[in-house]
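Per-entry structural report
What follows is the residue order along each chain.
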Amino acid sequence: MEIGVIGLGNMGMPMAKNLLESGCTVYGMDKSEAAEKAFQEAGGSIGQSIKKMAESCAIILTSLPSSAAVESVFLGEEGLIHHSSDKILLIDTSTVAPEVNRRIHAEADAKGVAYLAAPVSGGVIGAENRTLTFMVGGSTAHYERSLPVLSLLGENLFHVNEQIDSGTVTKLINNLLIGFYTAGVAEALVLAKESGMDLDKLFDMLNVSYGQSRIYERNYKSFIATEDYAPGFALKLLRKDMGFAMDLAQEKNLHLPISQALLAVYKNAEQSGFAEEDMSALYKKVKEQATSLTTEGAK
C-alpha cells in the first residue's frame, strides 16, 4: 500500500516509521529538511509535491501542529483537496479547532474526496509503540476503509459518529481534563515538597489510592522526578487545545469559569518561558509562584 504522511514531527515521524516497518511504501513530507532527511534514512521516500503524493497514494495522513498549518495543507491552492480525486482517503490526525474540520469537510465533500478527522491520544510513546487511541469523526464507510492503516498505528480505535468534528470534540474534552490533572499534580506536589514529603514515597502511596492518575504517573515519573522537561507534549500545545475547548464552550453559549481560570494559568506559564517545555513543567511555574509569594509574605 502506498501511503503519504505530511508532518514528520514528534507524532508523525514514529507513525510514518511504523508504516514503513509494516511493509507499506511511505512518502513523507515536512517543512523541516532535517526531518525529511531522517525519514529518508529510515527507508522512507521524500521529495514529492502534494500534487504528486495525491496522485500516487491511496491514503494520506497528516500530523500538523496548528489549525493554520492544517488549513494550508488541505485548503491552499496547492493543497490536498484541490489535487485529490475520489479514489483517495485523507485522514487528519492533528488537533485543530472543530470549525476547521467542518470547513475542510465541506470542501472535500463538494469535490467527492473522502476525509476523516481523526485526532490521537497517547503521546510520542504511544506513537512509537503503536498504542495510540484514535478518535475518528466522519463517514462510517470512510472509517472502515481506514482500519487497515489505523490498526497498524494504534490499539484503541473509536468511530465517535458521522459528525466530522466529533473526534475532535472528544479530543478537546480529553485535553481539557489533562489540563486539570496536570495543574492538580503540580500544586499537590509543590505542597508535598514544601511539607517535607519524600515525593517518590508519596507516589508509591498515592498510586494505590484514589489520588492515582495516569497523568500523575506520567508527569512525575518521566519528568518531575528526573527534572528533565524535554517535551513529550509541549505546554504550548496543551494551552492551544484548552483554548480550542473554551472556544467550543463559547460557541455553545456555556460559561465554564473554572476552565477559563485554568486556561489563564497555562497562558501565564507559556508567557513566562515554559512554552517549549513539557506540560509537566507547570510544576516549576507553580513552585516558583508559590515560594515567591511565601517569601514576600515573610518580609
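Scoring rules and cut-offs
Residues numbered from 1 in each chain as written. Predicted model: local features only at pLDDT ≥ 70, side-chain atom pairs only at ≥ 80, totals over all residues. Heavy atoms only, no water. Salt bridge = Lys/Arg side-chain N within 4 Å of Asp/Glu carboxyl O. Helix = DSSP H or I, 4+ residues; strand = E, 2+ residues; numbered from the N terminus. Buried < 20%, exposed > 50% of the residue type's maximum accessible area, 1.4 Å probe, protein only. Pairing = 2+ DSSP bridges. Right-handed = clockwise from strand over helix to strand, strands pointing away. UniProt positions renumbered as here; feature names shortened; annotations may be inferred.

Throughout the structure, instances matching the rule amount to 12 salt bridges. The shortest N-O distance in the salt bridge between E55 and K51 comes to 2.7 Å. Here the residue E55 and the residue K51 both occupy positions in helix α3 (residues 50-56), the gap between them amounting to 4 residues, near one helical turn. Relative accessible area serves as the criterion here: at 39%, K51 is assigned to the partly exposed category. The residue D241 makes a salt bridge to K240 at a minimum N-O spacing of 2.7 Å. Take D241: its relative accessible area is 1%, and that puts it in the buried class. Through salt bridges with shared partners, a single ionic network connects R102, D165 and E251.

Most of strand β1 (residues 2-6) sits out of view: 4 of its 5 residues are buried. Inspection of the sheet shows β1 paired to strand β2 (residues 25-29) by 5 bridges, in the parallel sense. If you follow V5 over to β2, its bridge partner there is G28. Taking the sense of rotation as the criterion, the β-α-β connection linking β1, helix α1 (residues 12-21) and β2 turns out right-handed. The pairing of β1 with strand β3 (residues 59-62) spans 4 bridges and is parallel. Its bridge partner being in β3, I6 is matched across the sheet by T62.

Further remarks concern the UniProt feature "domain: 6-phosphogluconate dehydrogenase NADP-binding" (unreviewed entry) in the chain. UniProt marks residues 2-159 with the feature "domain: 6-phosphogluconate dehydrogenase NADP-binding" (unreviewed entry), using the numbering shown here. Within residues 2-159, the helical portion is 45% and the strand portion 23%, while the C-alpha atoms at the span's ends are 24 Å from each other.

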